[in-house]
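# Descriptive structure summary
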Amino acid sequence: MSKISTEDQVQKMLSIIYQIPIGLVETDLDGNIVEMNAKSIQLLMPLFFSNKLPPTNLHQLLEILAPEIRSMVKSFIPQNGNVINQLRLEFPLNGNEGTKTLSYVFSIDKLGENSLMYIFNDITEFYQKEKLLDQVSQEKAIEQNKFEIASGVLHDVGNAVVGFASYITQIKRTMENNDIATLENLKGFVEKNQASLSNALGEKKSMAITELLGGVIINQKDNLDYVKKCMADQVNIIGHVQEILNIQRQYVKGRHTERATINIRSVINDAVAMLSGALEKNNIVFNFDSPANLPQIKGDRTKLMQVFLNLLKNASESILNRGDKIDLKEISVSVSADSDKIIVSIKDNGSGFDQKTGASLFNRGYTTKSEGTGLGLANCKSIIESHHGEITLASEGVDRGALVTIFFNL
Amino acid sequence: MTFNTPAIGEWLDSNSEENLDSLPFGVVKMDYHGIVSLYNQTQSDLSGVLKENAIGKHFFTQVAPCTNNFMVSEKYHKEQLDEILPYMFTYITKPTPVDLRLIKGSNGNQYLLAQKRAG
């Protein structure tokens, strides 16, 4: 380094050193700090402080934070050379907001007989982002896996349902071959011969036989009606199951398809059909208001389906969270359109959220659910945006419901 | 007037740059955003940064990035502040142990005072 001669040069050097966004520290072989730049103080002072060490010897600090580095430096024999190159280390820091884990990357060069250069940086933020990305790709793999399992299950359940339906049809046919007609013939025969029977058995007994036959016939008819009604219910339920399976199959099949023409109303209808069981079970009233002839949009039906399923699930979970505080549990979806956009609003009277939570809801990795991944709404947002749309989420506050509004620009 | 004088903020508010220059400890006067409006001679001697290179700049990132952490810069997020702590400056690259006094008043000014420590 040339000798710094003028004040101008000193100031230039200073601003360079100050702007170098990497910590640089030179120590002697015992770790006593000889020179250090501003960034290194910014990064090291909190560590010295939280470990209650004077900020004069780096080795004392590393002895606590990263003993492996200390031993690598100690066992480095040559006069000069690279001791450690870009080693990532993790250690705890007790700051104002509790303990957090820091990730630092360290390089160490031996510059001479009694000089070590430590070059390091705080990569906590990068490392966290990388971890989150990893998690997202893992989620995707799980999603793929889920699809494969789902299509397998759909296939098997579909087959089972077909078998079940044909079995019920058989039972129905068997039921039609009953003995009620024969019993009625017998009753007619007994009534015709009432007089002779009375002579033979006495009037009371012959009347009793007629009444008994009448009673048996009524019982048989009642039972048959009841069984028929149950059968009819079964057939309806199977019909519903098959309908849901068909919808599901369509989405499993259609997940690689290109953008097609889509009717938003029918997508929402499908989503509601899939959730209708859960809504009914939890006594949630569902209102749907949509004009019959909506303009169609181009898009990915499967992905939009995911969005509406997700939003409706969120709405009903939020209502259930609020629990018995609500008299009427209600989700209202309304769709409207004008010349340049379709507007979908989904309103619930569930637990809502405060402003601070609202600001983070669309962030990847943010969740208020104990078992959530924080990917649901973030994914919804990117799917809607890929359909030239916008999604907003509003609430007047905790326990005051929430309103999701989606615009699809035509 | 010493580094430890209680309620020094009011005195600093009302004194001229000339008076502050003659103090035996460093004084940096900033607004609540951290923009430097006064950088006294002792502070300049401690850090090596000339007054004219400090005025108008953001203290915690441009003038003294060594303070940009929870121990110093983040303390100024509080509404009121008067705290002394041991810290480290660099004169170019020479470590210089200092005591810092962080002061934030309610009239739009905040101060960082620095006094060289022996050792």
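Anyway, here's the lowdown on the structure attached to this text. (Residues numbered from 1 in each chain as written. Chains lettered and ligands numbered in written order. Predicted model: local features only at pLDDT ≥ 70, side-chain atom pairs only at ≥ 80, totals over all residues.)

Moving on: the overall build of chain B. When its secondary structure is counted, chain B shows five helices and five strands. Going from the N terminus to the C terminus, chain B shows its helices and strands as α-α-β-β-α-α-α-β-β-β. The burial tally for chain B puts 40% of its 119 residues in the buried class. If you take every contact in chain B between residues at least 6 apart in sequence, the share linking residues at least 24 apart comes to 37%. (Helix = DSSP H or I, 4+ residues; strand = E, 2+ residues; numbered from the N terminus. Buried ≥ 20, exposed ≤ 12 C-beta atoms within 10 Å, placed from the backbone. Contact = placed C-beta atoms within 7 Å.)

To continue, consider the sheet that holds strand β2 (residues 33–36) of chain A. All names here are of chain A. Sheet architecture is open: five strands sit in the order β2-β1-β5-β4-β3, paired in antiparallel fashion. Looking at the sheet topology across the chains shown, the edges are occupied by β2 and β3 (81–95). With strand direction ignored, the average angle separating the axes of adjacent strands in the sheet is 25°. Relative to strand β4 (residues 98–112), β3 runs antiparallel, the two being bridged by 12 bridges. (Pairing = 2+ DSSP bridges. Axes fitted to C-alpha atoms, helices over the stretch in contact; angles between N-to-C directions.)

Here we take up the interface of chain A and chain B. Opposite the 20 residues of chain A that make contact, chain B presents 19 residues. Those elements that place two or more of their residues in the side of chain A that touches chain B are α1 (7–19), β2 and α2 (38–50) of chain A. Among the elements that take part in the side of chain A that touches chain B, α2(A) stands out by supplying seven residues, more than any other. For the side of chain A that touches chain B, the per-class residue count stands at 13 nonpolar, five polar and two charged. (Nonpolar A, V, L, I, M, F, W, Y, C, P; charged D, E, K, R; others polar.)

With that out of the way, let us pick up the packing of helix α3 (residues 58–65) of chain A against helix α4 (residues 67–74) of chain A. All names here are of chain A. Packing of α3 against α4 brings their axes to within 5 Å, and their N-to-C directions diverge by 125°. Taken together, the axes of α3 and α4 are oblique relative to one another. Contacts from H59, L62 and E63 of α3 reach α4 at P67, I69 and R70. Of the residues in the contact of α3 with α4, the class split is three nonpolar, one polar and two charged. (Parallel < 35°, antiparallel > 145°, perpendicular 65-115°, else oblique.)

Residues and elements named next belong to chain A. Restricting attention to buried positions, one finds in helix α12 (residues 376–385) the residues G376, L377, C380, K381, I383 and I384. Buried residues along α12 cover an arc of 165° about the axis, so they all sit on one side. At its buried positions, α12 is contacted by α10 (301–322), β11 (389–394) and β12 (402–409). (Arc of directions from axis to C-beta.)

What follows concerns the sheet that holds strand β2 (residues 36–39) of chain B. Residues and elements named next belong to chain B. One open sheet holds the five strands; their spatial order is β2-β1-β5-β4-β3, and the pairing between them is antiparallel. Every other strand in the sheet has two partners, leaving β2 and β3 (81–91) as the edge strands with one partner each. The average angle at which neighbouring strand axes cross in this sheet is 20°, direction not considered. Pairing of β3 with strand β4 (residues 94–104), which is carried by 11 bridges, proceeds in the antiparallel orientation. Its bridge partner lying in β4, F89 is registered against T96.

What follows covers the environment of A:N409. All names here are of chain A. Within the secondary structure layout, N409 lies in strand β12. C-beta crowding within 10 Å serves as the criterion here: with 11 such atoms nearby, N409 is assigned to the exposed category. Once you skip the residues sitting within four places of it in the chain, N409 turns out to touch D340, K341, H388 and G389.

With that settled, the discussion passes to the nonpolar core. Core analysis: the largest hydrophobic core is formed by 54 residues, its most contacted members being B:V27, B:V28 and B:L113. Examining the composition of this core, we find that seven residues originate from one element, α2(A), more than from any other. Formed by 31 residues, the second largest nonpolar core is a distinct cluster that contains A:I264, A:V344, A:L393 and A:F408. (Core = buried A, V, L, I, M, F, W, Y, C linked by C-beta atoms within 7 Å.)

A few words on the pairing of β12(A). Residue and element names in this part refer to chain A. In β12, alternate side chains face the same way, and those of A402, V404, I406 and F408 are buried while those of L403, T405, F407 and N409 on the opposite face are not. Here eight bridges tie strand β10 (residues 341–348) to β12, and the two strands are oriented antiparallel to one another. Its bridge partner being in β12, I342 is matched across the sheet by F408. The pairing of β11 with β12 spans six bridges and is antiparallel. Of the residues in β12, the one forming a bridge with A394 is L403.

Function-wise, these values are silent; they only describe arrangement.
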